[in-house]
Amino acid sequence: MAVGPRVSEWRKLPMSLTELCIDTTLRCGQAFRWRKVEDEWHCTLQGRILSLKQDATHLHYRTTWPKQTTAPGGPAAPLTPPPSSLPSPAPDQTSTPEDDEDDDDTLSLLTTYFNLPISLSALYTTWSAADPNFARRAPSFTGIRILNQPAWEALVAFICSSNNNISRISSMVTNLCLHYGPYIGTTTTTTSGSEPLHDFPSPSALAGDGVEQKLRALGFGYRARYIAQTAQIINAKGEGWLDGLRNPLSPPLGGGGGGGGGGRLPNPQPTYKAAHEALLSLPGVGPKVADCVCLMGLGWAEAVPVDTHVWQIATRDYKFGGGGKGSKTKTLNRAIHDAVGDHFRGIWGEYAGWAQSVLFTANLKSFARQAEGGGEGDGDGEEGKVEEEVKDVKEVKEVVVEVVKKEMTTGDKPTALRSTMRVTKRKVVIKTEVDEETDDMPIADVKVAATRTSKRRRVRA
DNA sequence: TATGCGCCTGGTTA
DNA sequence: ATAACCAGGCGCA
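- The name given to chain A in an unreviewed UniProt entry is DNA-(apurinic or apyrimidinic site) lyase, with Coniochaeta hoffmannii as the source organism.
- According to its UniProt record, chain A has this under Subcellular location (unreviewed entry): "Nucleus".

Structure, rendered in structure tokens:
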């Protein structure tokens, strides 16, 4: 739980898990700063710590403000302490419940950040009616919502995402905040120790001299130069430039005025395409990163970020690339990118990027167990691995025989099931996943076949 | 206007 | 064990 000088009471909001599932939404690769400690999620946002927990009927939230009061929405109060030193919370500062003013602001932030006015279940219904593949996969992945993140944060985070994986992106972004962002508070737990939380750094904080070198030293690799250069450009263009690319129908996080009012240089008629093109001018920003920023930072719901994973989905589940033979283009060029995006927009409509994130999450390896359907029942903090079977070495051959036999007896789709085996000294780990090309080839059948040969113990770790 | 390749790094696979 | 290879690309030749 977060401990800080000014901690509000827990408040709650009626919320079904099909409208919002924070366990999935906060881990599916669109936001990288949320941390789950025990059953609570924490993240700094707009100068405060936002803490969340969820049960079947409600979303519970509370706010922790830093010791030094910052005017909400005001200038970034530079209360930056030494970055690496562990900030010690004031010993005798007991948490005192806060007045309603802050909570009202927090509810507003929550509503905007999670795009709560948009009915997710209605969208799922529409997508499922239009797309059998979506209808097949979505039941195991409900409550996945596109977040309305600060555009600048989304820009930097997705520059970090190139040739990268979620866990490393998360550590990089966390490090960026730790070294350049204002200190907000500290999470403390009985089991996990404490962790200082810093807010996301401003463009000017990353526009100084030596940022690239320091980021390289922090392990950012070639992205260090992209971040430093982009920060200088954004800093020079002024804060309004990015927000001028926003969808006018999507409210900005800062709580400032309505559509188009964010910057001093209001874009007359911003469009998704125009925003996309403008972002491409920044170093480290290509078509995929630009679409991520459009979708998750600028409110353009029709933006469909096309990466290798989405390309896989398009070719595998939607037979993209024309009938007969698949296109031999192995490289994702710009034409392919646009064509895939247009294809999905044609199927799913104006919220295509939201639908894409559902299938994207279903395709993530870290959600493979959930993808098998049925037993989602998560909520605990330990999921995210492929289902495994551990066997003694002497039983391996029998298992292989059974699996192969099962593939052959099913006839037409031997590729529908993929198993990989990793042999260690004394045991064998079999990872199995189903392509779901056919519904009639449940993984359970294979498990039953394997059970006959051994007293296996199934490990879900 | 198109393909190929180098780039930082850490985890996974063969 | 160690070397490829991959991971939610981009920029340049």
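Here we look at the overall build of chain A
Phase 1: For chain A, the count of helices and strands is 17 helices and 13 strands.
Phase 2: Looking at chain A residue by residue over its 461 residues, the buried ones come to 48%.
Phase 3: Of the contacts made within chain A by residues no fewer than 6 positions apart, 72% connect residues no fewer than 24 positions apart.
Phase 4: On chain A, roughly 21,600 Å² of surface is accessible, and the fraction owed to carbon and sulfur atoms is 54%.

Some thoughts on unusual backbone geometry
Phase 1: Residue Asn115 is not a glycine yet carries a positive backbone phi of 50°.
Phase 2: One can find Asn115 in the loop between helix H2 (100-113) and helix H3 (120-130).
Phase 3: The exposure class assigned to Asn115 is buried, which follows from its relative accessible area of 11%.
Phase 4: The residue Asn163 is not glycine, and still its phi comes out positive at about 50°.
Phase 5: Examined against the element boundaries, Asn163 turns out to sit in the loop between helix H5 (151-159) and helix H6 (166-180).

Considering the packing of aromatic side chains
Phase 1: For the coordinates displayed, the defined rule picks out twelve aromatic pairs.
Phase 2: Centroid distance Trp127 to Phe134: 5.4 Å. Interplanar angle 70°. Geometry classified as edge-to-face.
Phase 3: The exposure class of Trp127 is buried, given its relative accessible area of 1%.
Phase 4: Owing to a relative accessible area of 0%, Phe134 belongs among the buried residues under this scheme.
Phase 5: Each ring, one from Tyr351 and one from Trp354, has its centre 5.7 Å from the other, and the planes form 80°; the classification is edge-to-face.
Phase 6: Residue classification places Trp354 among the buried residues on the basis of a relative accessible area of 3%.
Phase 7: Of the aromatic side chains, those joined through ring pairs into one cluster are Trp34, Tyr113 and Phe114.
Phase 8: Of note, Lys214 hangs over the ring of Tyr180, and the distance from its end group to the ring centre comes to 5.1 Å.
Phase 9: Positioned above the aromatic ring of Trp241 is the side chain of Lys237, whose terminal nitrogen or guanidinium carbon lies 4.7 Å from the ring centre.

Focus on the packing of H5 against helix H8 (residues 223-237)
Phase 1: Taken N-terminus to C-terminus, the directions of H5 and H8 make an angle of 160°; their axes are 9 Å apart at the nearest point. With respect to each other, H5 and H8 are oriented roughly antiparallel. For the pair H5 and H8, the sense of crossing is right-handed. Judged by residue contacts, Trp152, Leu155, Val156 and Ile159 of H5 engage Arg223, Tyr226, Ile227, Thr230, Ala231 and Ile234 from H8.
Phase 2: Split into classes, the residues belonging to the contact of H5 with H8 amount to eight nonpolar, one polar and one charged.

A look at the protein's contact with DNA strand B
Phase 1: Taken together, Asn163, Arg168, Arg216, Gly219, Gly221, Tyr222, Arg223 and Asn333 make up the full set of residues adjacent to DNA strand B.
Phase 2: Within 4 Å of the protein, the contacting atoms of DNA strand B are 57% sugar and phosphate, with bases supplying the remainder.
Phase 3: Within the backbone of Tyr222, a nitrogen or oxygen atom sits 3.2 Å from a sugar or linking oxygen of DNA strand B.
Phase 4: Residue classes in the surface near DNA strand B are distributed as one nonpolar, four polar and three charged.

A closer look at the environment of Phe320
Phase 1: Along the chain, the position of Phe320 falls in the loop between helix H12 (308-317) and helix H13 (334-348).
Phase 2: As a C-alpha pair, Phe320 and His343 span 23 residues in sequence and 8.6 Å in three-dimensional space.
Phase 3: Apart from residues lying up to four places away in sequence, Phe320 is in contact with Trp311, Ala314, Thr315, Ala339, Val340 and His343.

Re H12
Phase 1: Taken as a whole, H12 has its buried residues at His309, Val310, Trp311, Ile313, Ala314 and Asp317.
Phase 2: Contacts from the buried residues of H12 go to helix H4 (132-137), H13 and helix H14 (352-363).
Phase 3: The distance from a side-chain oxygen at the start of H12 to the backbone nitrogen of His309 is 2.9 Å, and the residue carrying that oxygen is Asp307.
Phase 4: Lys319 sits one or two positions beyond H12 and adopts a positive phi of about 50°.

Details of the protein's contact with DNA strand C
Phase 1: Neighbouring residues of DNA strand C: 23 residues in total, closest Gly29, Phe158, Gly284, Gly286 and Phe360.
Phase 2: Here the atoms of DNA strand C within 4 Å of the protein split so that 49% fall in sugar or phosphate, with bases taking the remainder.
Phase 3: Val285 is positioned such that a nitrogen or oxygen atom in its backbone is 3.5 Å from a phosphate oxygen of DNA strand C.
Phase 4: Asp307 has a polar side-chain atom sitting 3.4 Å from a sugar or linking oxygen of DNA strand C.
Phase 5: Of all the elements, helix H11 (residues 287-297) adds the most residues to the surface near DNA strand C, at three residues.

Parameters at a glance
- Residues numbered from 1 in each chain as written.
- Chains lettered and ligands numbered in written order.
- Predicted model: local features only at pLDDT ≥ 70, side-chain atom pairs only at ≥ 80, totals over all residues.
- Heavy atoms only, no water.
- UniProt positions renumbered as here; feature names shortened; annotations may be inferred.
- Helix = DSSP H or I, 4+ residues; strand = E, 2+ residues; numbered from the N terminus.
- Buried < 20%, exposed > 50% of the residue type's maximum accessible area, 1.4 Å probe, protein only.
- Contact = heavy atoms within 4.5 Å.
- Areas by Shrake-Rupley, 256 points an atom, 1.4 Å probe, with all protein chains shown as cover.
- Phe/Tyr/Trp six-rings, centres within 6.5 Å; stacked < 30°, edge-to-face > 60°.
- Lys NZ or Arg CZ within 6 Å of the ring centre and 35° of its normal.
- Axes fitted to C-alpha atoms, helices over the stretch in contact; angles between N-to-C directions.
- Parallel < 35°, antiparallel > 145°, perpendicular 65-115°, else oblique.
- Left-handed = near helix turned anticlockwise from the far one by under 90°.
- Nonpolar A, V, L, I, M, F, W, Y, C, P; charged D, E, K, R; others polar.
- Near = heavy atom within 4 Å.
- Polar contact = N/O pair within 3.5 Å; in protein donor to acceptor, adjacent residues only side chain to side chain.

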